[in-house]
Amino acid sequence: MGNCIVPYCDGPQNTNVRFTLPAVCFVWQCAMIILFGVFVRYDEESDAHWVEHNITDIENDYYFRYPSFQDVHVMIFVGFGFLMTFMKRYGFGAVGFNFLIGAFGLQWALLMQGWFSFLDKDGFIKIGIENIINADFCVAGCLIAYGAVLGKVSPVQVMVLTLFGITLFAVDEFIIIKVLHARDSGGSMVIHAFGGYYGLAISWVLYRPNLKESSQRNGSVYHSDLFAMIGTLFLWMFWPSFNSAISDHGDGQHRAAINTYLSLAATVLTTFAISSLFQKHGKLDMVHIQNSTLAGGVAVGTAAEFMLMPYGSLIVGFFCGIISVLGYIYVSPYLEKKLKIQDTCGIHNLHAVPGVIGGFVGAITAAAATESVYGAKGLINTFDFVDSYRNRTPAVQGGYQAAATCVAVCIGIGGGIFVGLILRMPIWGSVADDNCFEDEVYWEVPGEEVPVPPVLEYNNHMATNKNVDVMESRFTVEQS
Amino acid sequence: MGNCIVPYCDGPQNTNVRFTLPAVCFVWQCAMIILFGVFVRYDEESDAHWVEHNITDIENDYYFRYPSFQDVHVMIFVGFGFLMTFMKRYGFGAVGFNFLIGAFGLQWALLMQGWFSFLDKDGFIKIGIENIINADFCVAGCLIAYGAVLGKVSPVQVMVLTLFGITLFAVDEFIIIKVLHARDSGGSMVIHAFGGYYGLAISWVLYRPNLKESSQRNGSVYHSDLFAMIGTLFLWMFWPSFNSAISDHGDGQHRAAINTYLSLAATVLTTFAISSLFQKHGKLDMVHIQNSTLAGGVAVGTAAEFMLMPYGSLIVGFFCGIISVLGYIYVSPYLEKKLKIQDTCGIHNLHAVPGVIGGFVGAITAAAATESVYGAKGLINTFDFVDSYRNRTPAVQGGYQAAATCVAVCIGIGGGIFVGLILRMPIWGSVADDNCFEDEVYWEVPGEEVPVPPVLEYNNHMATNKNVDVMESRFTVEQS
Amino acid sequence: MGNCIVPYCDGPQNTNVRFTLPAVCFVWQCAMIILFGVFVRYDEESDAHWVEHNITDIENDYYFRYPSFQDVHVMIFVGFGFLMTFMKRYGFGAVGFNFLIGAFGLQWALLMQGWFSFLDKDGFIKIGIENIINADFCVAGCLIAYGAVLGKVSPVQVMVLTLFGITLFAVDEFIIIKVLHARDSGGSMVIHAFGGYYGLAISWVLYRPNLKESSQRNGSVYHSDLFAMIGTLFLWMFWPSFNSAISDHGDGQHRAAINTYLSLAATVLTTFAISSLFQKHGKLDMVHIQNSTLAGGVAVGTAAEFMLMPYGSLIVGFFCGIISVLGYIYVSPYLEKKLKIQDTCGIHNLHAVPGVIGGFVGAITAAAATESVYGAKGLINTFDFVDSYRNRTPAVQGGYQAAATCVAVCIGIGGGIFVGLILRMPIWGSVADDNCFEDEVYWEVPGEEVPVPPVLEYNNHMATNKNVDVMESRFTVEQS
């Protein structure tokens, strides 16, 4: 983007966000309160009038979806948040800005998704458990994009990325789900393909030619890799909830969970295999274990609620593990060197490509659906062939699913370039090239001094304390 | 408490708890077994006779509340436990003594709450899923109080704090829920206001004038702040389950979860805003992010099951984030300097004040309830206006809610002073002022030596190992 | 096993698993796909035909068991995984190979358990939510065994251990559940006694006389102990879900959760008591807190769904805490010195012995069952005295339960010796005695260098940065 029309100050910006960040947070939060006051109400299952319906309490949608919701919530805030703590000096920014994106994003998502997809005939957005799951999903798209620019943007830029990301997501989702009537319960297309390409496009526009000046911080230390594994595992474990959270009640949710469970298991084995095979000495690389093991969950998102069959899920997971690790080894360096896309977390290999694969797996599975496999009622139930879609055939549905994948990618890339240009403006407190991946820019970071050893007067005089020596030696050296 | 009637040995006590801690644990656990043998039985839904009832299995209360129970359980043991690991040298004490409080407290709570609120007509306490959630809630009150004295008390003192804390909680809860017939499903009053002032009062009585001698350990290191974020996030994510766990089936639980979800989201934004605004250079402070982001969950506890409306939840969260961060910046130092209250975790800003706010938000929301908003049946259902409370009006209910808040604060302060005086007795193995916030006093702490590097004879001779250099240099210095 | 018939190369083997590990992963994953294609289908509740059944969606078994499943899933991958991260230099191997075992094991378990216990009359294994919980349980057996050999085996050996472990588990389970018609919902016998003795027997065969050469790495550092507490707490918190996950709907699950909750609470108190009592200066030992606090969950596994009564659960937990800590203090060193069993994680004290205790507690509780306590229908319902077991009495059932415990131990020991001999073959890339407990053998481990401090050109020139000094001093020393 060398000849970009938007002026871009390559020199160091003022990274002091003391006024911009509070201003953005306050103004946007106040806007949320006003808009919620005007537009948002409880839906009939969370409203106090609900007791007048003559159905049993347990049939409230809450009980079908609440356990999945909480799992999804964990994925968004602990899963994504800790997955990104792998860097030695960017743990606060990873988990903290992830928190900020999530908290703002879910409010804006309730509004945007409400206006596009859930607006009641009386002009209100009526929210219930399914809406808050959808809001979390919407946030996931932005967190994926954040992964590409992790460590290179200011918290204000992060808020802007989220504002536009949620908006684009709602459009993307409206076209795919409402217009094309595609099915995407796990969001391979809507969430992962969109979020992946959105982030990559932003990263391309924000290309930093001198990022290598921060390369010494762009790596992990032993314990930061373990923190990241907390994120990986919570994502991996709860992915069956993610893909089944908004599936149809009954067999739909049941099947989506099983398919995701199996796909992810297969991915782990091929990830370990390829990681070992392509490293000198056959040693495993934590980058692959932390990321590629999740690709199977992404890729089975669309098809998880279909009759993909258990072996079908394993096949999807099998190939995604391979493709994702090879992406980290070969494609990411190529993207950085040739296409000028600096992708901090490798979302290309974890979300973008597996998301597209997932879209096409969904298209093929839908196109191959038959009444003998699904049953006549099951086919209608699974693909929602009702009302104006009464006459749609599985083959046609497959075509729409494939089209939906392309829509997600296009909106992601187009939106990302647009938002990237906005983020290039030199007013957002962005960090200099040699200070990327560093928490000290935006956080009060505690010193790392060795704690002064305890003086245990009463009953521990004899305890040898090795810390004393280490600490004293350090200070001795410093003084000399 | 300079002229306190209880003698207080300011000199170093014997911190060896080798006999007192085992004695307390054994005796109390044996007492629990005997009392459970005499008093505690399964309720009808967890008893094997249940199969004789002619209702479907899914209508067992277990399925309405079990997912929330497990989330609450995570909040108690991982949430509170890890939130307190922020100190560089008190991680074991934080998560370990939290574990001990929880495990003892829940047993004692089942008994105390049973005697006060759940005693059957045949003299037995019949327990089911709701009782074990309530027991976890009761423990939360004590863990909040533990936050105020974290690092300054011995494990035996912690057990005494819990024994009395649970007892006081049961009284507090009985008066508020049974006598005043106030509603408090998320426990703003019963749990947070009580627990907060209980802890602050204890901390006031146990004031340590020379605590600054331990100030070098009263801070975080980089990774301890990340451990604390695990606690923060699990509390934040599962708070909707906390506030909805014992709400009414159906719309009550549904609404409580949504309101809490929204309130917490708004709190995050104002916390980030104020944290940045009041720091030099606009840098964010992890203390605020770890704690104040949770204030919205506390403050919406009472009103979560009411028709607070989505925008109402956002407003509550909005102001609590601001108040809580300002509390950390201005009020906590004032409390320590002027009121002699040393509040290690800042529970004043996270629990005490937001709890009181929550009580009054609940009172106002209740007083403002109308049949048009709730529906005639919904109003009765939500506020439980049945039997002897058949004629209570929303306005009267609001008055009782406000009174309940005052009750919680009074029992907290009064009980805290009483328990604080007991804890001042020089028999509990309390730590000296210059050894606070230090795990080595009560724990076997591993040395921090750099591991000896591997000698990889077979196929890794060429691998450069930077640890070798670091370690050798250290030992060299030590020997010189 | 000094005179073992299998040749054992005591010298250093080639630890490069670059070909063996990928080969094993690929071939076995391909085998899984083929076998799943031939044998595995959805059961009727997860199949799209399910909509044709005329029952409400909420009665799908999915809603009875899904929350428990997700909790069990967390126990397997985060609980076991992080519990084993206590060692200073084996965190990657702990959590990473745990991940690999789990992902492979659950696939193989679905097949093996399917063939033995769930084969349909049309030759298919029809899977649903209960099968995937069972698969996770099966994996738990292998992870327990992995705990005994942690740090001493290669990833290829780990895969072999899992392949045979799952197979033996399926046999063990078939004999205990199907042949003996014993009840074991929480798996004290099937999972813990089997897994514990399986691992101990393998460790005995793989005895390393020179393991002390790695002793400097066989210990914890401060933060590794905190990581391990994440594992401990998730195991402890979710154990009620583990023991109730496949219990009977309704009161069975409800009671199993309550009993487990109580037993675990009692264990914590006696663990703290004994840990303090038997240490010099009364200091608590993290090894005990991390492990022995869980023994009560193991030991109540079989009896949790019976009418053990709340005080009965407390008694079980009370004694298991004592026995487990004493095991760590006295029995583990004895096992290592006299019986040549090197048990890295102390599974003898956490799984093997508590599992056997649990088996006999189950036998006694079953034998003592009466119609007055259970009700006539409740007795039949709880012990499944139907069909050919219609005339079995509680006393007879107790005998079968006791026999089942012995079966589990025998299969564990016998199978472990057999698999241990296979693992001794010098083809698996096992690590040398002086390189045990070291991640660098099989993982790319990041260097531990202090990060280069940020150069904050714009607005932070004045910030003092202590890291600079530390780092410079290190390099200074190195150069001198």
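These numbers come from a predicted model, not from an experiment.

Okay, the overall build of chain A next. Helix and strand counts for chain A come out as 16 helices and two strands. In chain A, buried positions account for 69% of the 480 residues. Of the contacts formed within chain A by residues at least 6 apart in sequence, a portion of 82% connects residues at least 24 apart. Surface exposure of chain A reaches about 14,100 Å², of which carbon and sulfur atoms provide 63%. Averaging the locations of the 25 positively and 40 negatively charged side chains of chain A gives two centres separated by 9 Å.

The next point concerns the nonpolar core. Counting residues in hydrophobic clusters, the biggest one holds 452 residues, and the most contacted among them are Phe234 of chain A, Phe234 of chain B together with Phe234 of chain C. Ignoring any residue separated from it by four or fewer positions in sequence, one finds Phe234 of chain A in contact with Val74, Met75 and Val78 of chain A, Phe234 of chain B together with Val74, Val78 and Phe234 of chain C.

Right, let's talk about the relation of the copies chain A and chain B for a bit. Note on the copies: chain A fits chain B at an RMSD of 0.0 Å, the axial shift is 0.0 Å, and the rotation between them is 120°. With respect to symmetry, the two chain copies, as superposed, fit the operation of a three-fold axis. Looking at the rotation axis and the C-alpha trace of chain A, the residue lying nearest is Pro67 of chain A, at 3.5 Å.

With that settled, the discussion passes to the side chain of Thr85 of chain B. Mapping Thr85 of chain B onto the fold places it in the loop between α2 (61-83) and α3 (91-118). When near neighbours in sequence (up to four residues on either side) are disregarded, Thr85 of chain B contacts Gly91, Ala94, Val95, Ser224, Phe227 and Ala228 of chain B together with Leu226 of chain C.

At the junction of the two partners, chain A supplies 99 residues and chain C supplies 100 residues. Where chain A abuts chain C, roughly 8,300 Å² becomes buried across the two surfaces, and 69% of that area is made up of carbon and sulfur atoms. Per-residue buried area on chain A facing chain C is highest for Tyr222, Tyr261 and Leu269 of chain A; these three make up 11% of the total on that side. Linking chain A to chain C there are zero salt bridges. Linking chain A to chain C there are 25 residue pairs in polar contact (both at pLDDT 80 or more). Within the residue set of the side of chain A that touches chain C, elements represented by two or more residues are α2 (61-83), α7 (222-244), α8 (251-277), α9 (286-291), α11 (310-337), α13 (371-374), α14 (376-383) and α16 (466-479) of chain A. In terms of residue class, the side of chain A that touches chain C is built from 49 nonpolar, 30 polar and 20 charged.

This part is about the packing of aromatic side chains. Residue and element names in this part refer to chain C. Using the criterion set out here, one finds 96 aromatic pairs over all chains in the structure. Cation over ring: Lys178 sits above Phe118, and NZ or CZ is 5.8 Å from the ring centre. Directly above the ring of Tyr400 sits Arg392, whose terminal nitrogen or CZ lies 3.8 Å from the centroid.

As a further point, take the interface of chain A and chain B. On the chain B side, the residues contacting the 100 residues of chain A number 99 residues. Of the roughly 8,300 Å² buried between chain A and chain B, counting both surfaces, carbon and sulfur atoms make up 69%. Here chain A is connected to chain B by zero salt bridges. Applying the counting rule to chain A against chain B returns 25 residue pairs in polar contact (both at pLDDT 80 or more). Broken down by secondary-structure element, the contributors of at least two residues to the side of chain A that touches chain B are α1 (20-39), β1 (40-42), α2, α3 (91-118), α4 (129-149), α7 and α16 of chain A. Element by element, the count of residues in the side of chain A that touches chain B is highest for α3 of chain A, at twelve residues.

Often the size quoted for an interface is simply the accessible area lost on bringing the parts together. As far as domains go, chain A holds domain 1 (20-441) and domain 2 (454-480). Relative placement of domain 1 of chain A and domain 2 of chain A: their C-alpha centres are 49 Å apart.

Further remarks concern the pattern of salt bridges. Two side chains of opposite charge can pair, provided their charged atoms sit close to one another. Within the structure shown, the criterion is met by 34 salt bridges over all chains. Across the pair Lys126 of chain B and Asp122 of chain B runs a salt bridge, and its minimum N-O distance is 3.5 Å. The class for Lys126 of chain B is partly exposed, based on a relative accessible area of 27%. For Asp122 of chain B, a relative accessible area of 45% puts it in the partly exposed group. The shortest N-O distance in the salt bridge between Asp248 of chain B and Arg183 of chain B comes to 3.6 Å. Here Arg183 of chain B lies in the loop between α5 (155-179) and α6 (188-205) and Asp248 of chain B lies in the loop between α7 (222-244) and α8 (251-277), a separation of 65 residues in the sequence. Of the residues examined, Asp248 of chain B reaches a relative accessible area of 24% and is grouped as partly exposed. Here the residues in one salt-bridge network are Arg89, Arg217, Glu438 and Glu440 of chain A, joined through shared partners.

All names here are of chain A. Every buried residue belonging to α14 is among Gly378, Leu379, Thr382 and Phe383, and all of these are buried. Along α14, the residues classed as buried sweep out an arc of 105° about the axis, all on the same side. Its buried side turned inward, α14 meets α8, α12 (347-367), α13 and α15 (394-424). Immediately beyond the C-terminal end of α14, within one or two residues, lies Asp384, with a positive phi of roughly 60°.

Within this numbering scheme, the UniProt entry marks residues 31-425 of chain A as carrying the feature "domain: Ammonium transporter AmtB-like" (unreviewed entry). Across residues 31-425 of chain A, helical content stands at 70% and strand content at 2%; the span's end C-alpha atoms are separated by 24 Å.

Here we come to the packing of α2 of chain B against α3 of chain B. All names here are of chain B. Relative to each other, α2 and α3 sit at 150°, their axes nearing to 8 Å. Relative to α3, the element α2 is oriented roughly antiparallel. Crossing geometry of α2 relative to α3 is assigned as right-handed. Taking contact as the criterion, the partners of Ile76, Phe77, Phe80, Gly81 and Phe82 in α2 are, on α3, Ala94, Val95, Asn98, Phe99, Gly102, Ala103 and Leu106. Tallied by class, the residues present in the contact of α2 with α3 amount to nine nonpolar, three polar and no charged.

What follows deals with the environment of His49 of chain A. The topology assignment puts His49 of chain A in the loop between β1 and α2. In this structure the C-alpha to C-alpha distance between His49 of chain A and Ile246 of chain A, which are 197 residues apart in sequence, comes to 24 Å. Excluding its chain neighbours within four sequence positions, the residues that come into contact with His49 of chain A are Glu371, Ser372, Val373, Tyr374 and Gly375 of chain B.

Turning next to helix α6 (residues 188-205) of chain A. Taking 1.5 Å of rise per residue, 18 residues should cover 26 Å, and α6 of chain A covers 24 Å from first to last C-alpha, within 8% of that figure. With 17 of 18 residues buried, α6 of chain A is to be regarded as a mostly interior element.

The next point concerns a nonpolar patch on the surface. Taken together, the side chains of Tyr311, Ile315, Phe319 and Ile323 of chain A present a nonpolar region at the surface, about 330 Å² in accessible area. Relative to the helices and strands, Tyr311 of chain A is located in helix α11.

This part takes up the confidence of the model for chain A. All names here are of chain A. On average, residues of chain A score 89 in pLDDT, and 91% of them are at 70 or above. At the low end of the mean pLDDT range in chain A sits α16, at 35; at the high end sits α6, at 97. Here residues 1-9 is modelled with pLDDT under 50, and outside its nearest four sequence neighbours on either side it reaches twelve contacts, counting other chains as well. Confidence drops under a pLDDT of 50 for residues 454-480, and excluding neighbours within four residues, the segment shows 47 contacts in the predicted structure.

What follows concerns the packing of α8 of chain A against helix α3 (residues 91-118) of chain C. At their nearest, the axes of α8 of chain A and α3 of chain C sit 9 Å apart, and the two run at 130° to each other. In this view, α8 of chain A runs oblique relative to α3 of chain C, as classed from their interaxial angle. You can see that α8 of chain A and α3 of chain C cross each other, and the crossing is left-handed. Two secondary-structure elements touch here, α8 of chain A through Tyr261, Leu262, Ala265, Ala266, Val268, Leu269 and Phe272 of chain A and α3 of chain C through Gly96, Phe97, Phe99, Leu100, Ala103, Phe104, Leu106, Gln107 and Leu110 of chain C. When grouped by side-chain class, the residues that make up the contact of α8 of chain A with α3 of chain C number 14 nonpolar, two polar and no charged.

Negative phi is the rule for most residues except glycine; trans is the rule for most peptide bonds. Even without being glycine, Asp384 of chain B reaches a positive phi, approximately 55°. Looking at the element boundaries, Asp384 of chain B is found in the loop between α14 (376-383) and α15 (394-424).

What counts as what
- Residues numbered from 1 in each chain as written.
- Chains lettered and ligands numbered in written order.
- Predicted model: local features only at pLDDT ≥ 70, side-chain atom pairs only at ≥ 80, totals over all residues.
- Heavy atoms only, no water.
- Helix = DSSP H or I, 4+ residues; strand = E, 2+ residues; numbered from the N terminus.
- Buried < 20%, exposed > 50% of the residue type's maximum accessible area, 1.4 Å probe, protein only.
- Contact = heavy atoms within 4.5 Å.
- Areas by Shrake-Rupley, 256 points an atom, 1.4 Å probe, with all protein chains shown as cover.
- Lys, Arg positive; Asp, Glu negative; His and termini not counted.
- Charge placed at Lys NZ, Arg CZ, Asp CG, Glu CD.
- Core = buried A, V, L, I, M, F, W, Y, C linked by side-chain atoms within 4.5 Å.
- Least-squares fit on C-alpha atoms with pLDDT ≥ 70 in both.
- Buried area = accessible area lost by both parts, 1.4 Å probe.
- Salt bridge = Lys/Arg side-chain N within 4 Å of Asp/Glu carboxyl O.
- Polar contact = N/O pair within 3.5 Å; in protein donor to acceptor, adjacent residues only side chain to side chain.
- Nonpolar A, V, L, I, M, F, W, Y, C, P; charged D, E, K, R; others polar.
- Phe/Tyr/Trp six-rings, centres within 6.5 Å; stacked < 30°, edge-to-face > 60°.
- Lys NZ or Arg CZ within 6 Å of the ring centre and 35° of its normal.
- Domains from an automatic or database assignment.
- Arc of directions from axis to C-beta.
- UniProt positions renumbered as here; feature names shortened; annotations may be inferred.
- Axes fitted to C-alpha atoms, helices over the stretch in contact; angles between N-to-C directions.
- Parallel < 35°, antiparallel > 145°, perpendicular 65-115°, else oblique.
- Left-handed = near helix turned anticlockwise from the far one by under 90°.
- Expected span 1.5 Å × (residues − 1).
- Patch = residues over 30% accessible without salt bridge, like charges linked within 9 Å, V, L, I, M, F, W, Y side chains within 5 Å.
- pLDDT = per-residue confidence, 0-100.

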